[in-house]
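What the coordinates show
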Amino acid sequence: MEFSEAQLLRYSRHIMLPEIDVVGQERLAAACVLVVGLGGLGSPVATYLAAAGVGRLILADADRVELSNLQRQVLHSTVGLYKTDSACDRLLALNPDIRIDAITARLQGDQLAAQVRQADVVVDATDNFQSRFAINHYCRQLGKPMVYGAAIRFAGQLSVFDSRKPDSPCYRCLYSDVHQDQRDTCEATGVLAPLLGVIGSLQAVECMKLLIRNGHALIGRLLLYDALHTELHCITLPRDPKCPECS
Ligand SMILES: [Zn+2]
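Summary of the structure given here. In this text the structure is predicted, and so the values were computed from the model without any measurement.

Rules used throughout
- Residues numbered from 1 in each chain as written.
- Predicted model: local features only at pLDDT ≥ 70, side-chain atom pairs only at ≥ 80, totals over all residues.
- Heavy atoms only, no water.
- Donors = N, O, S within 2.8 Å, 3.2 Å for Na, K, Ca; no water.
- Tetrahedral: all angles 85-135°; square planar, octahedral: opposite > 155°, others 65-115°.
- Buried < 20%, exposed > 50% of the residue type's maximum accessible area, 1.4 Å probe, protein only.
- Helix = DSSP H or I, 4+ residues; strand = E, 2+ residues; numbered from the N terminus.
- Right-handed = clockwise from strand over helix to strand, strands pointing away.
- Pairing = 2+ DSSP bridges.
- Phe/Tyr/Trp six-rings, centres within 6.5 Å; stacked < 30°, edge-to-face > 60°.
- Lys NZ or Arg CZ within 6 Å of the ring centre and 35° of its normal.
- 1 Å grid on protein atoms, 1.4 Å probe; cavity = no way out; pocket = protein on both sides within 12 Å on 5 of 7 lines; lining within 4 Å.
- Points joined across faces, edges and corners; volume = space filled by probe spheres on them.
- Nonpolar A, V, L, I, M, F, W, Y, C, P; charged D, E, K, R; others polar.

1. Some words on the coordination of the zinc ion
Metal coordination angles in their ideal form are 109.5 degrees for the four-donor tetrahedron and 90 or 180 degrees for the six-donor octahedron. The coordination sphere of the zinc ion contains the protein donors C170 (SG), C173 (SG), C243 (SG) and C246 (SG), at a distance range of 2.3 Å. Seen from the zinc ion, its four donor atoms lie at angles of 95 to 125°, and the figure they make is tetrahedral.

Below is the structure:
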């Protein structure tokens, strides 16, 4: 593809990085990313991917904006709108060059598989185990990398699961079953607003590295961020030989 003069200027701070250059920016422009969830994590993820020039975003969320969302879900400002509508308005104003396909539904089953199939990278920005198990399942089945992030209270975590790599663990190597309390959500326990910005931004970084095919993705590692004590740890996350999904 050929960039216009305006696009070369818009993306100039990427293009001047040798790790990206015009080739990397073209890869971003040609890419399709599925972002599942447009809440606290999906807000920074979608904003950065749109601004950075990822050519096509598929955004999925079934919910309408609620007043209690506005503390952290910075993509939205109008209570009552569908999050997909709110996101489209904001992101296309930010970057009219990109294409956005919004799906106002909770993706599952064949509908989820169909969207995963179209994507180069899938970003899990959901907040529950069932959705993550389903995203993990179809990403593995269809050979798509999954950028996982989670945040609750003052704690965040991040990893990349890429079944194209034989040694890569999957999400169920980390959480084999729904043994965690299902009520352990932001609604029930609270979360520090900018923690979502930190983890969501890191998800966007990992996503972009996969798209430009440069750097080392966070595969086989789990990044843990404790915001209250300002501690960042990266631990090895091996494949679980007893994993119900990938073993
Ligand atoms: Zn696994």
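We are not done yet, so read on.
2. What about the pairing of strand β5 (residues 146–152)?
Across the seven residues that make up β5, a large majority, seven, are buried. A two-sided burial pattern is seen for β5, the buried positions comprising M146, Y148, A150 and I152 on one face and V147, G149 and A151 on the other. Once you follow strand β4 (residues 121–124) into helix α7 (residues 129–142) and on to β5, the crossover reads as right-handed. The antiparallel pairing of β5 with strand β6 (residues 155–161) creates a hairpin that spans two residues between the two strands, and R153 there sits at a positive phi of about 50°.

3. Some details on the packing of aromatic side chains
Scanning the model with the defined rule gives eight aromatic pairs in all. Judged by centre distance (5.8 Å) and plane angle (55°), the rings of F133 and Y171 are tilted. Of this pair, F133 sits in helix α7 while Y171 is found in helix α8 (residues 171–174), placing the two residues 38 residues apart along the sequence. As far as burial versus exposure is concerned, F133 and Y171 are alike and both buried. Taken together, the ring pairs connect F129, F133, Y148, F161, Y171 and Y175 into an aromatic cluster. Across the ring face of Y82, the terminal group of R64 is positioned such that the distance to the ring centre comes to 4.1 Å. Here R172 stacks its cationic end above the ring of F133, 4.1 Å away from the centre of that ring.

4. A short note on the layout of surface pockets
In this model, the second largest pocket occupies a volume close to 320 Å³. Taken together, 18 residues make up the lining of the second largest pocket; nearest its centre are R164, K209, L210, L211 and R213. Within the residue set of the lining of the second largest pocket, elements represented by two or more residues are α3 (21–30) and α10 (193–212). Looking at which element gives the most residues to the lining of the second largest pocket, the answer is α10, with three residues. Taken together, the residues of the lining of the second largest pocket sort by class into eight nonpolar, three polar and seven charged.

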